Amino acid sequence: MRQLSRQDYARAERFLPWNAERLVFGLSVEPHWLDDGRFWYRRRAADGHAFVLVDPAADSSQPLFDHDRLAAALSVASGTAYVGTGLPFEKVEIAGPAASPALRFTVAETRWRCDLASYACEPEPAAPVQGVPSPDGRWIALARDGNLVVRAAASGTERALTHDGEPENAYATPIPSPLEAAGIASAGGPPAPGAIWSPDGRRFVSYRIDRRGAGQFHLVQSTPLNGSLRPVLHSYAYPLPGDEDVPRAEYVIFEAATGRRIPVPDVPAPLLYYGSPLRPERVWWSEDGQRVYVVSLGRGYRSYALSVVDAETGRARTLVQEQSETGIDPHPAYGGRPIIHVLDDGRRVLWYSQRDGWGHLYLYDGETGALIRQITSGPWAVTDVIHVDERERVAYFTAVGREPGRDLYDNSLYRVSLDGGEPQLLTPEDATHQIAFSPDGSCFIDSYSHVD
């Protein structure tokens, strides 16, 4: 057997994802939509990157700003030299009125504001991020020492909402991951919120996790970050197959102004992994703030259900439930988001199921839970619902395997009526398609490619 050299390992390391992606450009467009229907995106090229502003209505695109001028201004203000094709940030925020906009962005630990009229760049004081603000800006919900507190944003006055939180039975406190238990920052996305506010800012839903008696898993950190030579033991709650005692969450609704507590005892939430049960893709409010929808996954992924909770009383009822002797995948789309859409102010539910052997869409009555009709069918599979136009009663979805002669892993976009009928193919190119709809559904972005 040939002995591998340092050069062999270095050559193999070049193909690791974070190294290979630096050599590939123009794979996708990640749109950041503005209120006027335009969007900006960051375009990567071999000579650097640029920020582009697109106006779909005018069929035009242009630089979002003068890159060279901003680089020069930022260089002067920060004392570090930058060039227009290598600005040290990936995302921007457009602030101020349309007549005199400004850019906000972060470089290292510093938050900057750059006026686009004069291109003067100034550092901004970092506002402490603590708690979850309500949509109307009146309240801030935060967890402290395993309990929940609500703060009036204007006065700073606080009200303790709970007093019975304990280390192993705490409010708005997720089960830490092994990396977090070891003091290592996770490379994942933003942490799940400890509270989700109703659209009117009157109430928020949170949770409490009881992990008393749950089985522990143990890891030994052989090289601690504190420089010690002694290994460190990290233990955390982690259920194993057959465990009867698992961490369990209970949802709770609070009224901000009165502090009233509304328990939600009838929605089971066993936690079979570390993290939080309060994920926006699984817990959300109705537009009028009167109901909370919760997706529950059964142990072993052999059942899942959609429940609706009355925000005034905490009483819950199951709208749709799926059960199977084998495993169910309710979220084939990337990111673990179940394919469930509540429509017509709760009167209809668009549901995904693999009950006939293929992943398809079904329409349910949101008040009685009765099946109205199967929307899609056939020997092919839906992979995601991208947008639903409730006024036109049309769903836009991606699917694989429907077009003959194509790669079974290539996504295409379709449109289908909620009243039934054959789906219409919207992306005829023989490729895999990545779709992003505008917030109002008036247009969509299609980034498509093929391996060849």
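Residues numbered from 1 in each chain as written. Predicted model: local features only at pLDDT ≥ 70, side-chain atom pairs only at ≥ 80, totals over all residues. Heavy atoms only, no water.

A. View of the overall build of the protein chain. Assigned secondary structure in the protein chain consists of 4 helices and 33 strands. Compactness check: the protein chain gives a C-alpha radius of gyration of 25 Å against a globular reference of 22 Å for 452 residues, within 12% of the reference. (Helix = DSSP H or I, 4+ residues; strand = E, 2+ residues; numbered from the N terminus. Rg over C-alpha atoms; globule rule 2.2 N^0.38 Å.)

B. Region of interest: the sheet that holds strand β6 (residues 102–107). Read across the sheet, 4 strands follow the order β5-β6-β7-β8 without closing on themselves; strand pairing throughout is antiparallel. Sheet topology places β5 (93–95) and β8 (121–124) at the edges, where each strand pairs with a single neighbour. Geometrically, the sheet is characterised by an average inter-axis angle of 30 degrees between neighbouring strands, direction not taken into account. Two strands pair when backbone bridges link them, and β5 and β6 are joined in this way by 3 bridges, in the antiparallel orientation. Within β6, the position partnered with alanine 95 by the bridge is alanine 102. (Pairing = 2+ DSSP bridges. Axes fitted to C-alpha atoms, helices over the stretch in contact; angles between N-to-C directions.)

C. Broad picture of the pairing of strand β32 (residues 432–437). Taken together, the 6 bridges between β32 and strand β33 (residues 444–449) define a ladder with antiparallel strand orientation. Within the sheet, the bridge partner assigned to alanine 436 lies in β33 and is isoleucine 445. Counting the residues in the hairpin turn of β32 and β33 gives 6 residues, including glycine 441, whose phi is positive at 75 degrees.

D. Molecular detail of the side chain of asparagine 19. Along the chain, asparagine 19 falls in helix α2 (residues 17–20). Looking at asparagine 19, the relative accessible area reads 19%, which means it is buried. Not counting residues within four places of it along the chain, the set of residues in contact with asparagine 19 comprises Glu13 and Arg14. (Buried < 20%, exposed > 50% of the residue type's maximum accessible area, 1.4 Å probe, protein only. Contact = heavy atoms within 4.5 Å.)

E. Focus on helix α3 (residues 67–78). The first and last C-alpha atoms of α3 sit 16 Å apart over 12 residues, in line with the 16 Å expected at 1.5 Å per residue. Inspection of α3 places His67, Leu70, Ala71, Ala73, Leu74 and Ser75 among the buried residues, and these make up the whole buried set. Next to the buried residues of α3 lie β3 (48–55), β4 (60–63), β6, β7 (110–115) and β8. Its side-chain oxygen placed 3.3 Å from the backbone nitrogen of aspartate 68, aspartate 66 serves as the N-cap of α3. Note on α3: the residue one or two positions beyond its end, glycine 79, has a positive phi of about 80 degrees. (Expected span 1.5 Å × (residues − 1). Polar contact = N/O pair within 3.5 Å; in protein donor to acceptor, adjacent residues only side chain to side chain.)

F. Fine view of the side chain of asparagine 169. Checked against the element boundaries, asparagine 169 lands in strand β13 (residues 169–171). Given the relative accessible area of 7%, asparagine 169 is considered buried. Excluding residues that lie within four positions of it along the chain, asparagine 169 makes contacts with Asp164, Arg208, Ile209, Asp210 and Arg212.

G. Representation of a nonpolar patch on the surface within the structure. Among the surface-exposed residues, Leu23, Val24 and Leu27 lie close enough to one another that they form a single nonpolar patch of about 300 Å² accessible area. When you line up the elements, leucine 27 lands in the loop between α2 and β1 (32–33). (Patch = residues over 30% accessible without salt bridge, like charges linked within 9 Å, V, L, I, M, F, W, Y side chains within 5 Å. Areas by Shrake-Rupley, 256 points an atom, 1.4 Å probe, with all protein chains shown as cover. Salt bridge = Lys/Arg side-chain N within 4 Å of Asp/Glu carboxyl O.)

H. Main features of the pattern of salt bridges. Counted according to the given criterion, the structure contains 27 salt bridges. Notably, a salt bridge pairs arginine 111 with glutamate 93, separated by 2.6 Å at the nearest N-O pair. One end of the pair, arginine 111, is in strand β7; the other, glutamate 93, is in strand β5, and 18 residues separate them in sequence. Under the relative-accessibility criterion, arginine 111 is labelled partly exposed at 26%. When its relative accessible area of 36% is taken as the criterion, glutamate 93 is described as partly exposed. The salt bridge involving arginine 260 is made with glutamate 255; its shortest N-O contact spans 3.2 Å. Three or more residues joined by partner-sharing salt bridges are found here, namely Glu93, Arg104, Arg111 and Glu124.

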